[in-house]
Amino acid sequence: MNALRIKQRYSSAMKTARYWHMRKDGVIECTLCPRHCRIADGKHGTCLVRQRKGDELIAASYGLICGLAVDPIEKKPLTHFLPGSTTLSFGTVGCNLTCKFCQNWHLARANKIEGTRTTPKQIAKTALEAGCESVAFTYNEPTVFLEFAVDTAKVCHERGLKTVAVTNGWIEPEPRKEFYVHMDAANVDLKAFTDRFYQTLCGATLQPVLDMLVYIRHETNVHLEVTTLLIPGWNDSPAEIDAMTKWAVVNLGPDVPWHFSAYRPTREWNEATPTPLQTLLDAKSIAEHNGLQHVHLGNIGLAV
Ligand code: SF4
Ligand code: SF4
């Protein structure tokens, strides 16, 4: 892993991004996620890493990674995909959502683009040397570095490695098609079952995530698991969990694995208390009562 431990820091790369167009008024509109940022020259979208340089949109974090670790696949969490294996995890900076409760705030809301320069080949080589069976695009939102994730996934597949996305699921249909052709498994956050939550806490909307879950489940061969972080007072009411898991059984099927996870306050946002253990247990009970067959609890050590 030495090659990737070099502490040399680089700032933004120069790779043309996909999924944008120039409007008649000279503004570039990014169409990667439902935010559809309109970007003037020299500016960037909400995710920071899709930047306009002249008449082009640049994937400015291409080839720059932040964070690299060999993790048990169960930590993603994926419980039913290559169980007992390890995955080489990495992320970059930037995110298209603005979750106030983000646990990776330093990456998701970084104010500059920097990281360790690497290549898809180097990542695949490192994963194989570390005995991993897969590479995971995680820590920040992988779809904002779609070009690098796809290129890396292609090399991983050539070398017999599987690929994993840990994602918020807020992506437009066209790029999602490209992205998931190259993924073998995904853990998607369904952060809540209300637009109020998505709009107030994440600067996003619910429906695109639901559409994306249905897409993965019914139009791809990607292994899907779902995670919901239960935040007291925001998304943990029995009625909401009941509605969400009923929707899941009908639209995704009773065998889709579901992870309810405990929230802990962060320095950046502490407007909710830690999740009580009883809340997790109640959520599991409601989900199982509604027919979900594989309900797991995560971060139990953080529950109170
Ligand atoms: S991917 Fe980034 S630049 Fe593009 S629309 Fe989403 S937040 Fe905006
Ligand atoms: S989607 Fe994930 S990485 Fe992005 S801000 Fe929300 S919690 Fe953080």
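Reading the values: rules and limits
- Sequence positions are assigned chain by chain, starting from 1 and proceeding in written order.
- Each chain gets a letter, beginning with A, and each ligand a number, beginning with 1, in the order they are written.
- For this predicted model, a pLDDT threshold of at least 70 governs which residues receive local features, and a threshold of 80 or more governs which side-chain atom pairs are given and counted, while totals over whole chains, interfaces and linings are taken from all residues.
- Side-chain calculation: all heavy atoms of the structure are included, whereas hydrogens and water are not.
- It suffices for a single heavy atom of a residue to lie within 4 Å of a molecule or strand for the residue to be listed as near it.
- All residues other than Ala, Val, Leu, Ile, Met, Phe, Trp, Tyr, Cys, Pro, Asp, Glu, Lys and Arg, Gly among them, are scored as polar; the first ten of these are nonpolar and the last four charged.
- We call a set of buried Ala, Val, Leu, Ile, Met, Phe, Trp, Tyr and Cys residues a nonpolar core when their side-chain atoms join them within 4.5 Å.
- When a residue's accessible area, from a 1.4 Å probe over protein chains only, is under 20% of the maximum for its type it is buried; when over 50% it is exposed; and in between it is partly exposed.
- Starting at the N terminus, helices and strands are each numbered in turn, a helix being any DSSP run of H or I of at least four residues and a strand any DSSP run of E of at least two.
- In this entry, domain limits derive from an automatic or database-based domain assignment.
- Contact criterion: two residues are considered in contact whenever any of their non-hydrogen atoms come within 4.5 Å of each other.
- DSSP calls a pair of strands paired once it identifies at least 2 bridges connecting them.
- By convention, orient the strands away from the viewer: a clockwise path from the first strand over the helix to the second makes the crossover right-handed.
- Throughout, the accessible surface (probe 1.4 Å) given up by two parts as they are put together, summed over both, is called the buried area.
- The working definition used for a salt bridge is a side-chain nitrogen of Lys or Arg within 4 Å of a carboxyl oxygen of Asp or Glu.
- Polar contact is defined as a pair of N or O atoms within 3.5 Å, subject to the rule that within protein one atom must be able to donate a hydrogen and the other to accept it, and that residues adjacent in sequence are counted only when both atoms are side-chain atoms.

1. Some details on the site of ligand 2
Piece 1. Inspection of the region around ligand 2 gives Cys-95, Leu-97, Cys-99, Cys-102, Ala-108, Asn-168 and Lys-191 as its neighbouring residues.
Piece 2. A class-by-class count of the residues in the shell around ligand 2 yields 5 nonpolar, 1 polar and 1 charged.

2. Description of the nonpolar core
Piece 1. Counting residues in hydrophobic clusters, the biggest one holds 84 residues, and the most contacted among them are Phe-101, Leu-190, Trp-258 and Phe-260.
Piece 2. For this core, the leading source of residues is helix α4 (residues 146-158), giving 7 residues.
Piece 3. Residue assignment places this core across two domains, with domain 1 (2-59) and domain 2 (64-302) each supplying three or more.
Piece 4. Discounting residues that sit within four places of it in the chain, Phe-101 has contacts with Lys-191, Phe-197, Leu-201, Cys-202, Leu-229, Ile-231, Tyr-263, Thr-266 and Trp-269.
Piece 5. Core analysis: the second largest hydrophobic core is formed by 12 residues, Val-49, Ile-58, Ala-110 and Ile-113 among them.

3. Describing the site of ligand 1
Piece 1. Close to ligand 1 lie Cys-30, Leu-32, Cys-33, Arg-35, His-36, Cys-37, Gly-45, Thr-46, Cys-47, Arg-50 and Asn-96.
Piece 2. Of the residues contributing to the shell around ligand 1, the split by class is 5 nonpolar, 4 polar and 2 charged.

4. Brief notes about the pairing of strand β14 (residues 258-262)
Piece 1. Within β14, 5 of the 5 residues are buried, which leaves it mostly tucked inside the rest of the structure.
Piece 2. Alternating residues of β14 divide into Trp-258, Phe-260 and Ala-262 and His-259 and Ser-261, and every residue in both groups is buried.
Piece 3. As judged from the 5 bridges shared by strand β13 (residues 223-230) and β14, these two strands associate in the parallel manner. By the bridge assignment for β14, Leu-229 is matched with Ser-261.
Piece 4. Handedness of the crossover is the feature at issue here: the chain leaves β13, passes through helix α8 (residues 238-251), returns alongside β14, and the resulting connection is right-handed.
Piece 5. Where β14 and strand β15 (residues 295-298) come together, 4 bridges link them in parallel fashion.

5. Re the sheet that holds strand β4 (residues 38-39)
One key point about sheets: their strands pair by backbone hydrogen bonds, in either a parallel or an antiparallel sense.
Piece 1. If you walk across this open sheet you meet the 3 strands as β2-β3-β4, and the pairing is antiparallel. The sheet terminates laterally at β2 (20-22) and β4, the two strands that pair on one side only.
Piece 2. Sheet topology places β2 next to strand β3 (residues 28-30); 3 bridges connect them, and they run antiparallel. Of the residues in β3, the one forming a bridge with Met-22 is Ile-28.

6. What to know about the domain arrangement of the protein chain
Piece 1. The domain architecture assigned to the protein chain consists of domain 1 (2-59) and domain 2 (64-302).
Piece 2. The centre of domain 1, based on its C-alpha atoms, is set 23 Å off from the matching centre of domain 2.
Piece 3. Each partner contributes residues to the interface: domain 1 has 27 residues there, and domain 2 has 37 residues.
Piece 4. The contact between domain 1 and domain 2 buries some 2,600 Å² in all, and 58% of this surface belongs to carbon and sulfur atoms.
Piece 5. Inspection of the region where domain 1 meets domain 2 yields 3 salt bridges.
Piece 6. Among the salt bridges present, the one from Asp-151 reaches Lys-15, with a minimum N-O distance of 3.8 Å.
Piece 7. Where domain 1 packs against domain 2, one counts 10 residue pairs in polar contact (both at pLDDT 80 or more).
Piece 8. Along the lines of polarity and charge, the residues of the side of domain 1 that touches domain 2 split into 14 nonpolar, 8 polar and 5 charged.

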